[in-house]
Amino acid sequence: MKAVIVCVSVSHGNTLRIADTMARPLGAKVVSPEEADPGELAAADLVGFGSGVFYGRLHPRLTDFVNALPTGRRPDRPDVRAFVFATSGLPEAPVIPYTRPLVRRLEERGFAVDGSFACRALDTWAPFRLLGGINKHRPDADDLSAARTFAERLRDRGAPST
């Protein structure tokens, strides 16, 4: 299985830690949107897309990248799977979903989205900065273990039958 993870991690490296943890069991390469090779993405069986959450949304570099991907089903590759992941200081609220809009965009572009993963992470956004941030020790070992388990499930679902 060929896997690639497209990741934007800008504040504290939290999202990159999650991406690197997921990459190991998937044998995936982690790249920024600017480093992503369209040919490599087209050849991949599984593509991950992740970023930190900013003002209740995934990073614009990631969403702009996904928006620039071609739309429509791929008759030559109907089995291309994707997943979405995020790190955030606050949990995803039902009224302000941060992963679901990207899931919809990926489905419009012919990906079969195979799940999403989110965990808490250090957040030093304006009001939290006064307190030294929230979730100061996150992602922690439990978060990294959960990310690894999530990736192993994705890998096992995509493994060819014997």
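Residues numbered from 1 in each chain as written. Predicted model: local features only at pLDDT ≥ 70, side-chain atom pairs only at ≥ 80, totals over all residues. Heavy atoms only, no water.

Looking at an unreviewed UniProt entry, one finds the protein chain named Flavodoxin family protein, with Streptomyces caviscabies as its source organism.

(A) Region of interest: the pattern of salt bridges. On inspection of all chains with the given rule, the structure shows six salt bridges. Between Asp114 and Arg81 there is a salt bridge, with its nearest N and O atoms 2.8 Å apart. Of this pair, Asp114 sits in strand S6 (residues 112-120) while Arg81 sits in strand S5 (residues 81-88), placing them 33 residues apart in sequence. Each of Arg81, Asp114 and Arg157 takes part in one network of salt bridges that share partners. (Salt bridge = Lys/Arg side-chain N within 4 Å of Asp/Glu carboxyl O. Helix = DSSP H or I, 4+ residues; strand = E, 2+ residues; numbered from the N terminus.)

(B) Seen up close, the nonpolar core. Ranked by size, the top nonpolar core spans 24 residues in total, and within it Val6, Phe49, Leu58, Phe65, Leu102, Leu106 and Phe111 carry the most contacts. Counting only elements with at least two residues in this core, the list comes to strand S1 (3-8), strand S3 (46-54), helix H3 (60-68), S5 and helix H4 (100-108). Ile18, Phe83, Phe150 and Ala151 belong to the second-largest nonpolar core, a separate cluster that totals 19 residues. (Core = buried A, V, L, I, M, F, W, Y, C linked by side-chain atoms within 4.5 Å. Buried < 20%, exposed > 50% of the residue type's maximum accessible area, 1.4 Å probe, protein only.)

(C) Fine view of the pairing of S5. Buried residues dominate S5, accounting for eight of its eight residues. Burial of the side chains of S5 extends over both faces: Arg81, Phe83, Phe85 and Thr87 are buried on one face and Ala82, Val84, Ala86 and Ser88 on the other. Across seven bridges, S3 lies against S5 in parallel orientation. Residue pairing for S5: Gly48 is matched across the bridge by Phe83. Two elements, S5 and S6, share seven bridges in a ladder whose sense is parallel. Note on S6: the bridge partner recorded for Ala86 is Ala118. (Pairing = 2+ DSSP bridges.)

(D) Examining the packing of aromatic side chains more closely. Throughout the structure, instances matching the rule amount to four aromatic pairs. Look at Phe83 and Phe150: their rings are 5.8 Å apart centre to centre, the planes differ by 70°, and that puts the pair in the edge-to-face class. Here the residue Phe83 occupies a position in strand S5, and Phe150 occupies one in helix H6 (residues 141-158), the gap between them amounting to 67 residues. A relative accessible area of 0% places Phe83 in the buried class. For Phe150, a relative accessible area of 11% puts it in the buried group. Measuring from centroid to centroid gives 5.7 Å for Phe117 and Phe150, while their planes differ by 40°, and the two rings are tilted. In this pair, Phe117 is assigned in strand S6 and Phe150 in helix H6, connecting sequence segments 33 residues apart. In this structure Phe117 comes out as buried when scored by relative accessible area, which is 9%. The structure contains a cluster of three or more aromatic residues connected by ring pairs, namely Phe83, Phe85, Phe117 and Phe150. (Phe/Tyr/Trp six-rings, centres within 6.5 Å; stacked < 30°, edge-to-face > 60°.)

(E) View of the packing of helix H1 (residues 14-26) against H6. Contact geometry of H1 with H6 gives a least axis separation of 8 Å together with a crossing angle of 40°. Our pair here, H1 against H6, has a crossing hand that is right-handed. Across from Arg17, Ile18, Thr21, Met22, Pro25 and Leu26 in H1, the residues of H6 making contact are Asp143, Leu144, Ala147, Arg148, Phe150, Ala151, Glu152, Leu154 and Arg155. Grouping the amino acids of the contact of H1 with H6 by side-chain chemistry returns nine nonpolar, one polar and five charged. (Axes fitted to C-alpha atoms, helices over the stretch in contact; angles between N-to-C directions. Left-handed = near helix turned anticlockwise from the far one by under 90°. Contact = heavy atoms within 4.5 Å. Nonpolar A, V, L, I, M, F, W, Y, C, P; charged D, E, K, R; others polar.)

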